Amino acid sequence: MSDSNEESSMILQNMKKRKQCDNQNDDRLSDLPDCVLLHILSFLNTKQVVQTCILSKRWTHLWKRISTLFLHSSNFSTLKCFAKYASKILTLRDTSTALHAFDLDRWGDIELQLFKKVLKCVSSQNTHLKELGISLHGDTSLVMSCVSSCHALTSLKLSLSPRGSSRTHDDTPTLFPNSLNLPLLTNLDLTNFAFCGGESNCVEPFFAFTKLNSLVIHYCKVIEAQVLSISSETLVNLTIASPLEKINLAKQNNLSMLAEIKTDNLSNYAEIHLSTPHLCTFNYTGYLIQKICGSGLSSVKKVNIGDSRQFHASVVHSLVIFNWLLDFVNVESLTLTSTTLQILSLLPNLLEVKHHSLCNLKSLDVVLIPLYDGSLSQSIKDDMLKKAAAKYHKEVAKFSKAFKARLEPPVIPDGIVDFLRQNSPLAEVNISSDFPHVLNLKQVAESIKGAKIVKYRSRYAAPASSSIAPPSATAHASVAVSASAVPPNLHLYCGEKDGKSSNEDKVEKHQPNTNSPLLDNGQ
């Protein structure tokens, strides 16, 4: 019995020692100087930083002195919780501490009280702020007036829309001031802005930014101008999302209506003139109708033409892509979607063209996207029938019969990869996809010499059973098509019909964050 008591006593003593050791380890962090702790906290989002106040008395007020604020409504269960939380942060923060970085992302219309606090915070810190990001729906003129006073900025990210807007890029754009004086700016990211031209029919809004390294323009427009000029000796990275639509105020009074105009007429879009001798990376997503000229593309080493979400195409679009490729003289890494390759293949006699570009190509990455039924799919089929009729009439009947049997064109058009690699035959071809459960990646890779599957870029879970297979899968199984009736370049594939719009395809931002504790109930 005594042995048992002694054993229990030893266990209790060991537990006490272990607890004391754990407390000592905890105190080691708290014993660090404030400047070190504040530096550690700067790597966390503001919501996590504030939660450290419950650790001990040492941490109770430390969060008030952080030099970075990152307030994103997507981290909260409701917009009401976010507004309450953000207002508290801006009110209780120690204003004597210089604020170096501030990022506010408020989905939808911002509350007036919170909006005033945001403007006051930015204005009071305008000589210290180096990084600023604001995304909201509100009085855009007040935001721009506030931003224009922040002369120490090195990074600026703005996504602004008028109050009551439904979607950022479908509404009246914010006018970008030609006189914005930010001499230290190196990174600029703009969404839903308009650049106003002058008598020369050319607008050059970024000329004053002599240290600009990275430029991103999303869903922007040009007013009373034919050309958007980007001249920079320092620009290295350029990203464009959606072509630059032109606004003629004499003909178009309602700017929001212009977003609905989608034609093949190049004259509806402003031309981009690049004078960027050190441009290294070029990224583009959106409607493939943007004309780009100048010497800017000749220095580019890395190109990414992403998913265009384009459901209609013609020779005009294929010619735009082809002209881009001709300017990519020094590209080493080229990433394209299969949709882009499908559109490029619409150019007549493309595979017979001998070009002098892509001579330094080392890797060609192709991201496979299903070719859903629609205008683009029909354009591809019509083009295949037209080319077949021009070369061998007997094959036209086979194509027609195959299309009626719901066979689809290959995800990557025949011969298009060899066309791109004609000056760099040793370039690697890497295949990836977000839709491995819909597309036969192995079949696609085997159809291209030297191609390999590098990764599944899946954002979606594979179907658990055949009950959620593509609607056309059953039709494929029931259709009997003889081998002699099927042209060799058609695949037994028909992608899922996309019943969702691009809006519905977006992930809902305001989901509860269940991975971390919250300060108040409901947050």
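Residues numbered from 1 in each chain as written. Predicted model: local features only at pLDDT ≥ 70, side-chain atom pairs only at ≥ 80, totals over all residues. Heavy atoms only, no water.

> Can you help me understand helix α7 (residues 315–327) in this one?
Side chains that are three or four residues apart share a direction in an α-helix, a result of its 3.6 residues per turn. The end-to-end C-alpha separation of α7 is 19 Å, in line with the 18 Å expected for 13 residues at 1.5 Å each. Those residues of α7 lying buried are His317, Ser318, Val320, Ile321, Phe322, Trp324 and Leu325. On its buried face, α7 sits against β15 (281–285), β16 (292–294), β17 (302–305), β18 (333–337), α8 (338–344) and α11 (416–420). (Helix = DSSP H or I, 4+ residues; strand = E, 2+ residues; numbered from the N terminus. Expected span 1.5 Å × (residues − 1). Buried < 20%, exposed > 50% of the residue type's maximum accessible area, 1.4 Å probe, protein only. Contact = heavy atoms within 4.5 Å.)

> What's the story with the pattern of salt bridges in this structure? I'm lost.
Oppositely charged side chains can pair when the atoms bearing their charge come close. Throughout the structure, instances matching the rule amount to three salt bridges. Between glutamate 111 and arginine 106 there is a salt bridge, and its shortest N-O distance comes to 2.6 Å. Of the residues examined, glutamate 111 reaches a relative accessible area of 27% and is grouped as partly exposed. Here arginine 421 ties to aspartate 418 by a salt bridge, and the two come within 3.5 Å at their closest N and O atoms. Residue arginine 421 is classed as buried on the basis of its relative accessible area, which comes to 8%. Exposure remark for aspartate 418: the relative accessible area of 49% places this residue in the partly exposed category. (Salt bridge = Lys/Arg side-chain N within 4 Å of Asp/Glu carboxyl O.)

> How do you make sense of the pairing of strand β12 (residues 237–241) when you look at a structure like this?
Strand residues, when the strand is regular, have side chains that alternate between the two faces of the sheet. Of the strand pairs in this sheet, strand β9 (residues 214–218) and β12 are connected by five bridges, and their pairing is parallel. Bridge pairing in β12 links valine 216 to threonine 239. Taken together, the five bridges between β12 and β15 define a ladder with parallel strand orientation. Across the sheet, residue alanine 241 finds its bridge partner in β15, namely threonine 285. (Pairing = 2+ DSSP bridges.)

> Explanation requested: the sheet that holds strand β8 (residues 202–203) in the structure shown.
The pairing of strands in a sheet comes from backbone hydrogen bonds and takes either a parallel or an antiparallel form. The parallel open sheet is built from four strands, whose spatial order is β8-β11-β14-β16. Because the sheet does not close on itself, it has two edges, and the strands there are β8 and β16. Two strands pair when backbone bridges link them, and β8 and strand β11 (residues 227–231) are joined in this way by two bridges, in the parallel orientation. Within the sheet, the bridge partner assigned to cysteine 202 lies in β11 and is valine 227.

> Even after reading the chapter, I still don't get the side chain of serine 242, so can you show me in this structure?
In this structure, serine 242 sits in the loop between β12 and β13 (245–247). Judged by its relative accessible area of 12%, serine 242 is buried. If near-sequence neighbours (up to four positions away) are discounted, serine 242 is found in contact with Tyr219, Tyr284, Thr285 and Gly286.

> What's the story with a nonpolar patch on the surface in this structure? I'm lost.
A contiguous nonpolar surface patch, about 210 Å² in accessible area, is contributed by Leu29, Val36 and Ile40. Following the sequence through the fold, isoleucine 40 ends up in helix α2 (residues 34–41). (Patch = residues over 30% accessible without salt bridge, like charges linked within 9 Å, V, L, I, M, F, W, Y side chains within 5 Å. Areas by Shrake-Rupley, 256 points an atom, 1.4 Å probe, with all protein chains shown as cover.)

> Hey, could you run me through the confidence of the model for the chain in this one?
Low-confidence regions, as indicated by low pLDDT, have predicted coordinates that should not be scrutinised in detail. Confidence in the prediction of the chain, expressed as mean pLDDT, is 78, and 72% of residues score 70 or more. Confidence drops under pLDDT 50 across residues 458–488; counting only partners more than four residues distant or on other chains, this segment forms 38 contacts. Within the model, pLDDT remains below 50 along residues 491–523, and this stretch shows 73 contacts once partners closer than five positions in the same chain are excluded. (pLDDT = per-residue confidence, 0-100.)

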